[in-house]
Amino acid sequence: MDPIISVIGAGTMGNGIAHVFAQHGFTVNLVDVSKPQLDKAIAVITKNLDRQLAKGTITEAIKLSTLQNIMPMTSMAGIGESQLVVEAATENTELKLAIFKQIDEAAPEGCILATNTSSISITKIAAATRRPGQVIGMHFMNPVPVMKLVEIINGYATKKEVTEKVVELSRQLGKIPCVVNDYPGFIANRILMPMINEAIYSLYEGVAGVEEIDTVMKLGMAHPMGPLQLADFIGLDVCLSILNVLHDGFGNPKYAPCPLLANMVMAGKLGIKSGEGFYSYALSSKDLVVSSRFI
Ligand SMILES: NC(=O)c1ccc[n+]([C@@H]2O[C@H](COP(=O)([O-])OP(=O)(O)OC[C@H]3O[C@@H](n4cnc5c(N)ncnc54)[C@H](O)[C@@H]3O)[C@@H](O)[C@H]2O)c1
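A brief report on the enclosed structure follows. All residue numbers refer to position in the chain's written sequence, counted from 1. Per-residue local features are limited, in this predicted model, to residues with pLDDT of at least 70; the limit for side-chain atom pairs, both in listing and counting, is 80 or more; totals at the level of whole chains, interfaces and linings are taken over all residues. Only hydrogens and water are removed before side-chain values are computed, so all heavy atoms of the structure are retained for them.

1. Examining the pattern of salt bridges
The term salt bridge refers to a pairing of a side-chain nitrogen on Lys or Arg with a carboxyl oxygen on Asp or Glu at a separation within 4 Å. Applying the stated criterion to the full structure yields 10 salt bridges. As a salt-bridge pair, Lys-63 and Asp-50 come within 2.8 Å of each other at their nearest N and O atoms. Here Asp-50 lies in helix α2 (residues 35–55) and Lys-63 lies in helix α3 (residues 60–68), a separation of 13 residues in the sequence. Judged by relative accessible area, Lys-63 falls into the buried class, the value being 13%. For Lys-165, the salt bridge goes to Glu-168, with nearest N and O atoms at 3.6 Å. Secondary structure counts use DSSP, requiring at least four H or I residues in a row for a helix and at least two E residues in a row for a strand, with both numbered from the N terminus. Here the term buried applies to any residue with accessible area under 20% of the maximum for its type, exposed to any over 50%, and partly exposed to those in between, with areas from a 1.4 Å probe on protein chains only.

This is the structure in C-alpha cells:
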C-alpha cells in the first residue's frame, strides 16, 4: 500500500505540499474547511502540473497519477491511516493550537505531526498535543514544487527518530532538508526578515530609492530578487507579523519593525496581493513599477 500523508489547509502552501507528495507516489488527503478552497487547490495543482509537462520535467502519466493520488476532503475524519500530517492552515496561533488538538485526536498513534508555520513556536504547538515528541516543523518554501529547501525544525521535545524520518521523507520528495532548532524565526526568517527590515529602514531614512536598494542587492549580492520586491511577494503584513515574533521572542530592539512597514500595513498596502507595496502591480504581478509613493 502507498504511504498516506494528510495535508491540513489547501491554500498557497497546502496545495504545493500536496502536489509534491502526490507527484512522488504518496496518497494525499488534502483537508480544508472551505470546499471552494479545495476546488481552487485542485485547479492550481492541475495548472502547475501542465506547466511541468510543457517543460518536459514530468510525463502525462505522472500528471494523471499525481491528480489521482490527491483526495480532497472537508473534515479530518478521513486522516486515520496517515503516517504523517503536515499542517499548512492560516498563520494564527490560537487556530493552530485548536487544529493540533483535533489532529492529535484523529491521527493514529505513531503518526508524525508536522507544521509548516513560518513563525509560531513548534514547542508551543507540540504542547497542545499528547505526543510532543512526534511534533516537528516542516517549513516548505513558496512555490513548493520549485523551491528545494525544507527547513526542518526540532521542537524542545522532538524525538531523534522523528527528525530522521522527516529528513528521509523530504529527500524522497527531491528536496534538500536542513535541520535547525526551535527559536523565534528559526533560521530562514531570523536572517531574512532583519535584512528586509533594514532595506525598508534605508528607504525610510532616504539613503536610497526602491530601485537602487533592490539593484544593489540583486547585482551586488547575486540575490535573484531585491529585498523590497521580495517583501512585496511575501506580503508586508506577513513580514510585519514575523518581525513582531522576533521582537517579542528575543526582546531585542534590533528586530523592531520599521515604522514605514507598520504604516504601509495599516494603509492596506500589502504588496502583490493588494496590488501595491513598494512596487505597483496594476498591470501584472511580474511588472516592476515603483509605487508612485516612492518616486
Ligand atoms: N505563503 C508563504 O509564502 C508561506 C511560506 C512558508 C510558510 N508559510 C506558512 O504556511 C501556512 C499556510 O500559509 P498559506 O500562505 O498557504 O495560507 P493561505 O491563507 O493561502 O491558506 C490557508 C488555508 O488554511 C485553511 N484553513 C483555515 N482553518 C482551517 C482548519 N481549521 N482546517 C483546515 N484548513 C483550514 C484556509 O481555508 C486556507 O485555505 C502558514 O502557517 C504560513 O505561515 C507560508
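Picking up after the structure, the text goes on.
2. Here's the deal with the site of the ligand
In the vicinity of the ligand, 22 residues are found, and the nearest of them are Met-13, Asp-32, Glu-91, Lys-96 and Ser-118. In the analysis that follows, any N or O atom pair within 3.5 Å is treated as a polar contact, provided that within protein one partner can donate a hydrogen and the other can accept it, and provided that, for residues neighboring in sequence, both atoms belong to side chains. Between the ligand and Met-13, the relevant distance is 2.8 Å, taken from an oxygen atom to a main-chain nitrogen or oxygen of the residue. A distance of 2.7 Å is found between an oxygen atom of the ligand and a side-chain nitrogen or oxygen belonging to Lys-96. Protein contacts shield 78% of the accessible area of the ligand, which totals 840 Å² for the unbound molecule. Put simply, the parts of the chain that give the shell around the ligand at least two residues each are α1 (12–23), α4 (93–106) and β6 (135–140). For the shell around the ligand, the element with the highest residue contribution is α4, accounting for 3 residues. Here the shell around the ligand is composed, by residue class, of 9 nonpolar, 10 polar and 3 charged. One heavy atom suffices: a residue is near a molecule or strand as soon as one of its heavy atoms comes within 4 Å of it. Note on areas: these come from Shrake-Rupley sampling with a 1.4 Å probe, and a residue is covered only by the protein chains present in the view. Ten residue types, Ala, Val, Leu, Ile, Met, Phe, Trp, Tyr, Cys and Pro, are classed as nonpolar, four, Asp, Glu, Lys and Arg, as charged, and the remainder, Gly among them, as polar.

3. Some points on the environment of Ala-22
Secondary-structure assignment places Ala-22 in helix α1. On the basis of relative accessibility, which here comes to 1%, the residue Ala-22 falls in the buried class. Along the chain, Ala-22 and Ile-70 lie 48 residues apart, while their C-alpha atoms are 6.4 Å from each other. Residues count as neighbours in contact if any of their non-hydrogen atoms are within 4.5 Å of one another. With residues near it in sequence (within four places) discarded, Ala-22 still touches Val-28, Thr-66, Asn-69 and Ile-70.

4. Details of the sheet that holds strand β4 (residues 84–87)
Note on pairing: two strands pair once DSSP finds at least 2 bridges between them. Spatially, the 8 strands line up as an open sheet ordered β3-β2-β1-β4-β5-β6-β7-β8, and their pairing is mixed. A single partner strand is all that each edge strand has here, and the edge strands are β3 (70–73) and β8 (176–181). Adjacent strand axes in the sheet meet at a mean angle of 25 degrees when their direction is disregarded. Here strand β2 (residues 27–31) pairs with β3 via 4 bridges, running parallel. Looking across to β3, one finds that Leu-30 is bridged to Pro-72. Angles here are taken between N-to-C directions and fall from 0 to 180 degrees, while the axes themselves are lines fitted to C-alpha atoms, restricted in helices to the stretch in contact. The strands touched by α1 within the sheet are β1 (4–8), β2, β3, β4 and β6, with β2 carrying the most contacts at an inclination of about 165 degrees.

5. So, the pairing of strand β7 (residues 149–154)
By the criterion of burial, β7 is predominantly enclosed, with 5 of the 6 residues buried. Pairing between β6 and β7: 5 bridges, direction antiparallel. Each residue of the ladder has a partner; that of Phe-140, found in β7, is Val-150. Across 6 bridges, β7 lies against β8 in parallel orientation. Bridge assignment links Val-150 to a residue of β8, and that residue is Pro-177. Since β7 and β8 lie parallel, the crossover through helix α6 (residues 160–172) that links them has a hand, and here it is right-handed. Call a crossover right-handed when, viewed with both strands pointing away from you, the route from the first strand across the helix to the second goes clockwise.

6. Some words on the side chain of Asn-15
Along the chain, Asn-15 turns up in helix α1. Setting aside chain neighbours within four positions, we find Asn-15 in contact with Ala-10, Ala-41, Val-44 and Ile-45.

7. So, the packing of helix α9 (residues 227–234) against helix α10 (residues 236–250)
Two numbers describe a pair of packed helices, the interaxial angle and the distance between the axes. Their axes nearest at 6 Å, the elements α9 and α10 cross at an angle of 100 degrees. Taken together, α9 and α10 sit at an angle that is classed as roughly perpendicular. Within the contact between the two elements, α9 uses Ala-231, Asp-232 and Ile-234 and α10 uses Leu-236, Val-238 and Cys-239. Looking at the contact of α9 with α10 residue by residue, the classes come out as 5 nonpolar, no polar and 1 charged. By the definition adopted for this analysis, an angle is roughly parallel if under 35 degrees, roughly antiparallel if over 145, roughly perpendicular if from 65 to 115, and oblique otherwise.

8. Considerations on the packing of aromatic side chains
In summary, the pairing rule links any two rings of Phe, Tyr or Trp, Trp by its six-membered ring, whose centres are within 6.5 Å, and it sorts them by plane angle into stacked for under 30 degrees, edge-to-face for over 60 and tilted for everything else. Scanning all chains against the criterion turns up 5 aromatic pairs. Three or more aromatic residues link up through ring pairs in this structure, and these residues are Phe-21, Phe-26 and Phe-140.

9. Examining the side chain of Asp-104
By secondary structure assignment, the location of Asp-104 is in helix α4. A distance of 2.6 Å separates the side chain of Asp-104 from the side chain of Arg-131, its partner in a polar contact. Ignoring any residue separated from it by four or fewer positions in sequence, one finds Asp-104 in contact with Leu-113, Thr-129, Arg-130 and Arg-131.

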